[in-house]
Amino acid sequence: MSLMQTTHMLEIETRGPGLYMFTDPVRRWVADAGIRTGLLTLLIQHTSASLVIQENADPDVRGDLQRFFSRLVPENDPIYRHTLEGPDDMPAHVRSALTQTQLSIPVMDGRLALGTWQGLYVFEHRRAPQVRRVAVHLIGEG
C-alpha cells in the first residue's frame, strides 16, 4: 500500500452563538476519499470560533455549554481593551483560546473513529451570522 493524502475545504454557516454539527459532511468526504487507515485533521480558519467534539444526542448539552461559556467569559468586561469589533468579539477570542481550533481524529476501516455519542461541531462565539471555513486534511493508506 502507498501513502495517500487529500484536502478539502468546508464552509459552515452559523446563526449566532452555539454549536453547529458538521459530522455528516466529514463522514461522507472521508468515505469517498478511499483511505482506509489514517489520520484526519480539521482546522477552523478563524479566531472567534472553535472546533469541539461533543455529545450528539441531547441538545441540552450544547445549550449548557453555551450558557457556561457565556458566564465564564462575559461580554463588556472592563479588562478588555479590544472593543472595536463589538462587545462580543473579545469574549469570542477568549472562548476560542480556551477550546480548540484544530482536531485530529483517527480513521479506521474508512470511517471516523468517533464514539457513538460524539459529533463534530463548530462552536460559534459571535452573535452575528457567519460563514466559517474548516480546512480538512486526510492522510493514510487505502
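The structure under discussion appears in the preceding block.
Conventions and cut-offs
Residues numbered from 1 in each chain as written. Predicted model: local features only at pLDDT ≥ 70, side-chain atom pairs only at ≥ 80, totals over all residues. Heavy atoms only, no water. Helix = DSSP H or I, 4+ residues; strand = E, 2+ residues; numbered from the N terminus. Buried < 20%, exposed > 50% of the residue type's maximum accessible area, 1.4 Å probe, protein only. Lys, Arg positive; Asp, Glu negative; His and termini not counted. Salt bridge = Lys/Arg side-chain N within 4 Å of Asp/Glu carboxyl O. Contact = heavy atoms within 4.5 Å. Arc of directions from axis to C-beta. Patch = residues over 30% accessible without salt bridge, like charges linked within 9 Å, V, L, I, M, F, W, Y side chains within 5 Å. Areas by Shrake-Rupley, 256 points an atom, 1.4 Å probe, with all protein chains shown as cover. Pairing = 2+ DSSP bridges.

A word on the side chain of R95. Within the element layout of this structure, R95 appears in helix α3 (residues 89-98). No salt bridge is formed by the buried R95. Its closest oppositely charged neighbour is E75, at 5.3 Å. Discounting residues that sit within four places of it in the chain, R95 has contacts with F69, S70, V73, P74 and H125.

Moving on: α3. Every buried residue of α3 is listed here: D89, P91, A92, R95 and S96. The buried residues of α3 occupy an angular sector of 155 degrees when the element is viewed end-on, so they sit on one face. Away from the buried face of α3 by more than 90 degrees, exposed residues A97 and L98 are located. Contacts made by the buried residues of α3 are with β4 (49-55) and α2 (59-72).

If you walk through the whole model with that rule in mind, you get eight salt bridges. Among the ionic pairs, D64 bridges to R67, the shortest N-O distance being 2.5 Å. Of this pair, D64 and R67 both sit in helix α2, three residues apart, which is roughly one turn of the helix. Note on R67: relative accessible area 51%, which makes it exposed. The salt bridge involving E124 is made with R132; its shortest N-O contact spans 2.7 Å. Among the charged side chains, a salt-bridge network with shared partners connects D88, D89 and R126.

So, on to a nonpolar patch on the surface. On the surface, F68, L72 and L98 cluster together to form a nonpolar patch covering roughly 310 Å² of accessible area. Mapped onto the fold, F68 is located in helix α2. Residue F68 is classed as partly exposed on the basis of its relative accessible area, which comes to 47%.

Moving on, we come to unusual backbone geometry. At N76, a position not held by glycine, the phi torsion is positive, near 60 degrees. Note on placement: N76 falls in the loop between α2 and α3. Its identity is not glycine, yet D109 carries a phi of approximately 55 degrees, on the positive side. If you trace the backbone, D109 turns up in the loop between β5 (102-108) and β6 (111-112).

Further remarks concern the environment of M108. Structurally, the position occupied by M108 is in strand β5. The sequence separation of M108 and R132 amounts to 24 residues, and the corresponding C-alpha distance is 27 Å. Not counting residues up to four positions away in its chain, the partners in contact with M108 are R36 and A113.

Strand order across the open sheet formed by five strands is β1-β8-β3-β5-β6, with antiparallel pairing between neighbours. Looking along the sheet, the strands with just one partner apiece sit at the ends: β1 (3-14) and β6.

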